[in-house]
Amino acid sequence: MTQKIIILDFGSQTTQLIGRRVRELDTFCEILPYNKFPKDDPSVIGVILSGSPYSVHDPEAFKVDLSQFVGKIPVLGICYGAQFISHTLGGKVEKADSREYGRANLEMVDTTNPLFKWFEQKSQVWMSHGDTITAIPEDFKVIGSTADVVNAAFASTTQPIWAVQFHPEVYHTLQGKQLLKNFVVDICGSRQEWSAASFVDSTVAELKAQLGSDRVILGLSGGVDSSVAAVLLNRAIGQNLTCIFVDHGMLRKNEFTQVMNDYKVLGLNVIGVDASEKFFGDLAGVTDPEQKRKIIGRDFVEVFNAEAKKITDAKWLAQGTIYPDRIESLNITGKVIKSHHNVGGLPKEMRLQLCEPLKWLFKDEVRRVGRQLGMPEHLITRHPFPGPGLAVRILGDITPEKVRILQDADDIYIRALREWGLYDQVWQAGAILLSTVRSVGVMGDERTYEHPVALRAVTSTDAMTADWAHLPYDFMAKVSNEIINKVRGVNRVCYDISSKPPATIEWE
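Presented here is a report on the structure given in the accompanying data block. Predicted, not measured: the structure shown is a model, and the values here were computed from it.

What counts, and where the lines are drawn
Residues numbered from 1 in each chain as written. Predicted model: local features only at pLDDT ≥ 70, side-chain atom pairs only at ≥ 80, totals over all residues. Heavy atoms only, no water. Buried < 20%, exposed > 50% of the residue type's maximum accessible area, 1.4 Å probe, protein only. Helix = DSSP H or I, 4+ residues; strand = E, 2+ residues; numbered from the N terminus. Contact = heavy atoms within 4.5 Å. Pairing = 2+ DSSP bridges. Right-handed = clockwise from strand over helix to strand, strands pointing away.

### A few points about helix 10 (residues 363–372)
Along an α-helix, a turn takes 3.6 residues, which lines up residues three or four apart on a common side.
Moving on, step 1. Where burial is concerned, most of helix 10 is hidden: seven out of the 10 residues are buried.
Moving on, step 2. Buried within helix 10 we find K363, D364, E365, V366, R367, V369 and G370.
Moving on, step 3. In this structure, the buried residues of helix 10 make contact with helix 1 (15–24), helix 4 (196–211), helix 5 (224–237) and helix 11 (377–380).

Here's what the structure looks like:
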């Protein structure tokens with residue numbers, strides 16, 4: 001039986017980082033809504049309560065019945081989770097005199113507590129809360145304090161409950177990973193059996209059981225996610241998998257031909273469909289980013305349905321949906337951040353059942369699975385590319401001419417990243433056409449009035465957060481000069497130095 005940690009999500013922006021840190025400890029975890037704790041599941045070895053944007057005193061604050069797991073399995077409360085534990089079990093939570101945000105020095109009060117095994121006496125932690133715990137429950141004791149927060153960490157003396165008002169999952173808590181390891185491995189007893197190899201073995205077995213002898217259609221995009229999903233499914237069901245690679249006309253330059261050749265090498269059964277005319281027609285005049293995504297999602301499924309009629313016994317539609325796709329599409333409050341075409345854009349009339357073998361994986365985990373499957377490295381290390389393609393990298397309406405401009409600029413940029421040895425140093429890169437903007441320029445003796453192109457490159461580990469890549473000035477100068485000189489319709493190049501958050505990686 002696979003052991004797992006349950007992370008109950010109370011709406012924190014860093015809940016997914018908790019999941020990432022637990023996975024890095026070779027331990028499977030599931031992030032579930034705060035009110036969806038799985039009852040009577042013997043595989044659950046521990047529970048982590050996340051932070052939250054709410055105060056425990058807010059009428060709309062998320063609440064959970066602690067009796068479902070307190071006293072039965074180890075519990076760790078983080079920030080709001082710690083405050084909720086204290087508030088519910090008889091402690092006291094009050095509004096802080098000022099918001100406690102940023103770095104703080106945690107001093108051990110109880111160095112023998114298992115949560116702080118291998119900790120230094122003083123350690124930097126990251127605080128982010130407006131309330132503070134002014135009194136802990138009766139059967140608890142303080143195990144760590146900062147200069148401003150006496151009850152920064154505390155533990156029950158009678159039950160396996162720990163709570164911290166700081167965030168061990170973030171980078172700025174220097175021994176945060178050690179704290180989580182102490183909880184997950186030493187306290188909860190994880191056997192640390194979660195790995196790429198175990199995922200492949202278990203998922204292939206599950207796919208065989210789920211799909212049986214059914215025929216499956218998989219939508220390929222040319223990216224890492226769908227390619228790994230295809231190879232994984234191919235290992236499970238072989239020729240019962242039919243892959244369809246739809247060219248919606250907004251792929252990178254020459255990408256359709258290049259990717260089709262790659263899939264032949266992998267031995268996949270692939271049908272290539274040129275549906276660009278349909279997509280361009282349906283997108284004509286559309287400028288709203290969400291509407292673009294919805295149209296592309298709808299058209300994508302319509303093309304699939306047309307192909308599915310030729311495969312009369314097809315019962316499943318497989319997709320390379322990964323975890324960040326799903327959590328970005330709908331957060332715990334039910335508020336849409338942005339829809340992904342393979343998550344929120346599928347119409348209800350789709351007649352195929354959905355199969356998503358990678359839906360619990362982060363991007364770096366997908367790459368590890370690809371290597372475990374023996375896939376070529378150049379496929380595994382490909383940068384993420386949005387399902388709607390260049391449609392969401394062109395601000396404004398979509399036309400074949402605008403796509404041509406962006407393809408040419410993007411091709412120069414990506415080729416240069418490879419030539420300069422920078423491609424593998426960034427998580428994702430691409431060009432954006434600001435087609436709703438024109439700027440004045442001079443070429444030769446003539447005045448120009450053309451579009452600017454913005455270049456984007458970010459560093460990240462899981463796409464949940466990202467920082468802009470600090471590319472060399474000489475590189476940027478060369479790329480800018482080449483784009484302006486060679487791409488008709490562009491007379492200015494800018495570089496995006498926004499991080500995520502507050503921006504997103506893509507512009508739309």
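### Some remarks on the pairing of strand 9 (residues 161–164)
Moving on, step 1. Judged by which residues are buried, strand 9 turns out to be covered on both faces: I161 and A163 on one side and W162 and V164 on the other are all buried.
Moving on, step 2. Note: strand 4 (residues 75–78) against strand 9, four bridges, orientation parallel. When the bridges of strand 9 are listed, I78 appears paired with V164.
Moving on, step 3. Both strand 8 (residues 153–156) and strand 9 contribute to a ladder of three bridges, which runs antiparallel. The residue bridging A153 from the neighbouring strand is V164, located in strand 9.
Moving on, step 4. Turn length for the strand 8-strand 9 hairpin, with the two strands adjacent in sequence and antiparallel, is four residues.

### A closer look at the pairing of strand 1 (residues 4–9)
Moving on, step 1. Counting buried positions along strand 1 gives six out of six residues, so the element sits mostly inside the fold.
Moving on, step 2. Here strand 1 pairs with strand 3 (residues 44–49) via five bridges, running parallel. Looking across to strand 3, one finds that I6 is bridged to V47.
Moving on, step 3. As defined by bridge partners, strand 1 adjoins strand 2 (residues 28–33) across six bridges and the pair is classed as parallel. Looking across to strand 2, one finds that K4 is bridged to F28.
Moving on, step 4. Handedness of the crossover is the feature at issue here: the chain leaves strand 1, passes through helix 1, returns alongside strand 2, and the resulting connection is right-handed.

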